[in-house]
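# Chain and residue survey
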Amino acid sequence: MCGITAVLSLTGCHAMNGCSCSKNLEGAKQDREACKRRDPSGEGVSTQEQMNGSLNAIKHRGPDSHGSWVSADGKVALGSCRLEINDLSPTGNQPFQNADNTVHAVVNGELYDYQRIRQDMINKTGYVFRGTSDCEIVVALYEYYGVAFLSHLRGEFALCLYDSNRQLFLASRDRSGVKPLFWTIVDNRLLLASEAKALLPYGWQPEWDVRSIVTSAWLTEERTIFKGVQKVRPGYYMTCIGSAFMTQRQYWDHDYPDKHKIETRNVDEMIEGVRSRLLEAVRIRLQADVPVGIHLSGGIDSAVIAGMAKHLLDTGQAKLGSLDTNQQLQCLGVAFDKDSGANKIEDVAKRTSDWLGVDFQTADMTESVFADNFEDATWYDEQIHTDLGFVGKHVLSKVTQDSNLKTILSGQGSDEIFGGYHFLVPDDLREPDFSWPDETPPEQFRKVQSAMAREPSATRAKLGKFEAESLQPHISPQSMDEAPDLKFRYDPASKTLTEKWILKEASKPFITKELYERKKHMIFDGWDEFSLIEKSY
């Protein structure tokens, strides 16, 4: 987890939809004050000083190093605070530049298959890389493909790039939106950062967007919980040419097959397709120049990641980050008081770790721990939650840091991809499966279930304050593309649907029988966490 921040002065901006580029200044005095704040030669706070403050606000994301680039006229600036994962030498520090210092970029995230891409760029263009960082390929790919370079990136990322020759500013996020990137306009400047709090040093004044909060637009749209602050959309890129024309375009979308085309694969082929793609997703995420661990929650989503990682390590198909090959795989989870009603997941996770033969360490979540960490977790998370899971993740991130683990694999994203939420069932059954008619539930069952439809939901994962890179193999594009209409499977004998059916079948060799047969459980089922807060205070 790294942090990035960027500034672009706007002049006569023609805005994209939802973007207002007016100065929002009244009178000559305010205009002069705004100029002072952004003019490095003026009497006010320089752009460099503001960027230093912005990076300091998110230094928890990248404590190992920080760097910035500011154009000579102070109108463009890029900054990064880095958590070192690949290339631990100074050559991996950001921003990255091309040979003639006309293209600059900052990147937050992990880019996969970068060794092959590096070699491809060397063969095609003779590009000279200054180091071995995975993120340095961004500049090389941009120089060769232009804006189309985004379609060649495989990973979880948010980035900002500036080309001084073309006067082109570009910001983008990965296909699933794992890495955050927020933007707003203040004093006729486009401001971007990994967290909203990093916008404060540039003069942004936070205000709740009550309508966005009430309607959950912050969860399903570009809007956030703060008025005037938006997200760069997943699978999109934002550009500003000549500091005057802003637009946001899509570079990737799900490629769904024709629903009326008859499926030619059999069930076993589909299961093997999901299994092989998940194994590959786990394998490439184990590659790092630092130790790698796994968050083990007690459910199938994280257990299959741990099981596949153990299989890959035992069979010599992968190496555990920079750790010695004889080192045991380390898993971490949360533990609750025995009388809390939420301790069952810890017991399942412990049995899973014993079955796999891996180390398992827990973050103990008592009432006092929840109360002591609630405020900090809220500050660093910048989201709305309906339970206390985010506090548990915050505390777990402390244990992760204390264990000297900088990269963590987790089961996040599985429910969204493989149909792990019960409220998705009605949407899945709105119409028959024309591609596989023999697998479609009876018409009466389908109509009754689909009549119970409700709006879909979404989630976003964050670790919390304490620095570690959280990687989610389940939401790799390859896994998403291979998940067919067997996420739910109808059982004619019991007249029920099994959620995440194809994931369970693909996971079977790597998980315990207990998890294979277990139904989905929420961590806080049967536990009144709100009364816990009242008791704690």
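Predicted model, so just to flag it, every value in this text is computed and none were measured. (Residues numbered from 1 in each chain as written. Predicted model: local features only at pLDDT ≥ 70, side-chain atom pairs only at ≥ 80, totals over all residues. Heavy atoms only, no water.)

### Describing the nonpolar core
The condition that has to hold: Within this scheme, the nonpolar core is defined by two criteria: the residues are buried Ala, Val, Leu, Ile, Met, Phe, Trp, Tyr or Cys, and they are joined through side-chain atoms within 4.5 Å. When accessible area is computed with a 1.4 Å probe and restricted to protein chains, residues below 20% of their type maximum are described as buried, those above 50% as exposed, and intermediate ones as partly exposed. Helix numbers and strand numbers start at the N terminus; a helix is a DSSP run of H or I with at least 4 residues, a strand a run of E with at least 2. Residue contacts are defined here by distance: any two heavy atoms, one from each residue, within 4.5 Å place the two residues in contact.
By size, the foremost hydrophobic cluster in this structure holds 45 residues, and its most contacted members are Val-282, Leu-286, Ile-294 and Ile-502. Going through the elements one at a time, helix H7 (267-285), strand E13 (292-295), helix H8 (300-314), helix H9 (344-356), helix H12 (414-418) and helix H16 (501-507) are the ones with two or more residues in this core. Examining the composition of this core, we find that eight residues originate from one element, H8, more than from any other. Beyond its immediate chain neighbours, meaning those up to four positions away, Ile-294 contacts Ser-302, Ile-305, Ala-306, Ala-309, Leu-329, Gln-330, Cys-331, Leu-332, Ile-408 and Leu-409. Phe-96, Tyr-114, Phe-129 and Ala-140 belong to the second largest nonpolar core, which has 29 residues in total.

### Some words on the pairing of strand E6 (residues 155-163)
Rule in force here: Pairing between two strands requires that DSSP report at least two bridges joining them.
The element E6 is largely enclosed, with a buried count of nine among its nine residues. Here E6 shows a buried face lined by Gly-155, Phe-157, Leu-159, Leu-161 and Asp-163 and a second buried face lined by Glu-156, Ala-158, Cys-160 and Tyr-162. Judged from the nine bridges that link them, strand E5 (residues 103-111) and E6 form a sheet pairing that is antiparallel. Bridging across to E6, Val-103 finds its partner in Asp-163. Bridge count for E6 against strand E7 (residues 168-173) is six bridges, and the pairing is antiparallel.

### Overview of the packing of helix H10 (residues 367-381) against helix H11 (residues 389-402)
The criterion, for reference: Axes, fitted as lines to C-alpha atoms, cover a helix only where it is in contact. Angles between the N-to-C directions of the axes lie from 0 to 180 degrees. Here roughly perpendicular refers to angles of 65 to 115 degrees, roughly parallel to angles under 35, roughly antiparallel to angles over 145, and oblique to all remaining angles. Here the nonpolar group is Ala, Val, Leu, Ile, Met, Phe, Trp, Tyr, Cys and Pro; Asp, Glu, Lys and Arg are the charged ones; every other residue, Gly included, is treated as polar.
The N-to-C vectors of H10 and H11 enclose an angle of 95°; their axes lie 8 Å apart at closest approach. Relative to H11, H10 is oriented roughly perpendicular. Seen from H10, the contacting residues are Val-369, Phe-370, Asn-373, Phe-374, Asp-376, Ala-377, Thr-378, Tyr-380 and Asp-381; seen from H11, they are Phe-390, Val-391, Gly-392, His-394, Val-395 and Lys-398. Residues of the contact of H10 with H11, tallied by class, amount to eight nonpolar, four polar and three charged.

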